Amino acid sequence: TVLFTMTMVSCKQDEPEVKTGIDALIAEGVLTGELDHAVTLDASVVYKLSGTFIVKDGAVLNIPAGTTIKASEGFGTYILVLQGGKINANGTAAKPVTLTSDDANTTKASGYWGGLIINGKAKISGVTGTVATASCEMNAKYSYGGNDDADNSGSITYLKIEYAGARSSAEVEHNGLTLDAVGSGTTIENIFILESADDGVEFFGGTVN
């Protein structure tokens, strides 16, 4: 007597990954909320910055060359990189990274949306003997400053920021690029600011070159 044993194996195709939360929004081309991990955007997608997009401590926002992000109108529309977070916006001369307005009008106005803010851990100005921090002007919930002058908040090369500088009050106004105690480990070069309602670039302490 010969005994044959047959084993049935069920075969099915791998199911696509189901994205949830902020990853689902990014997959739909929308940037909003709080990022707590590393994400790389797709240069073939035109992204919508809808409200505040925060890169938290330990998170990394990678923006490849040629990527365009269009911001909705308002003071509360901005990108904020917190202490310990990183942004790598690495454009090229031929394919810069562009942060701009979603205004469909041919003639666009300055002050349409917020801008890009980076909070670092380097020393802030006018302080001796103690480690000082300060609250971010755009959102007092988050602080910047410290004693790590070599702090690294990422790399920004060939970046265009257009029509930023939205105002909350006469005393509180966005810049195109706000550098809060950003450290020397951060790379910033070839930045173009067009029609910012306040300063193009403003430094609050820090050691970044």
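Residues numbered from 1 in each chain as written. Predicted model: local features only at pLDDT ≥ 70, side-chain atom pairs only at ≥ 80, totals over all residues. Heavy atoms only, no water.

A.B. asks: Can you tell me about the nonpolar core, naming the residues and giving the values?
C.D. replies: Grouped together as the largest cluster of nonpolar side chains are 35 residues, with contacts concentrated most on Ile-26, Leu-41, Phe-53, Ile-87 and Leu-116. Sorting elements by how many residues they give to this core places strand β3 (residues 46-55) first, with four residues. Among residues more than four places away in sequence, those in contact with Ile-26 are Leu-31, Leu-35, Val-39, Leu-41, Tyr-47 and Phe-53. Counting residues in hydrophobic clusters, the runner-up holds eight residues, among them Leu-80, Ile-117, Cys-136 and Met-138. (Core = buried A, V, L, I, M, F, W, Y, C linked by side-chain atoms within 4.5 Å. Buried < 20%, exposed > 50% of the residue type's maximum accessible area, 1.4 Å probe, protein only. Helix = DSSP H or I, 4+ residues; strand = E, 2+ residues; numbered from the N terminus. Contact = heavy atoms within 4.5 Å.)

A.B. asks: Which residues make up the pattern of salt bridges, and what are the values?
C.D. replies: The final tally for this structure, using the stated rule, is five salt bridges. Its salt-bridge partner being Glu-162, residue Lys-160 comes within 3.9 Å of it at the nearest N-O pair. A relative accessible area of 26% means that Lys-160 is categorised as partly exposed. On the basis of relative accessibility, which here comes to 12%, the residue Glu-162 falls in the buried class. Salt-bridge contacts for Arg-167 lead to Glu-173; the nearest nitrogen and oxygen are separated by 3.3 Å. On the basis of relative accessibility, which here comes to 52%, the residue Arg-167 falls in the exposed class. (Salt bridge = Lys/Arg side-chain N within 4 Å of Asp/Glu carboxyl O.)

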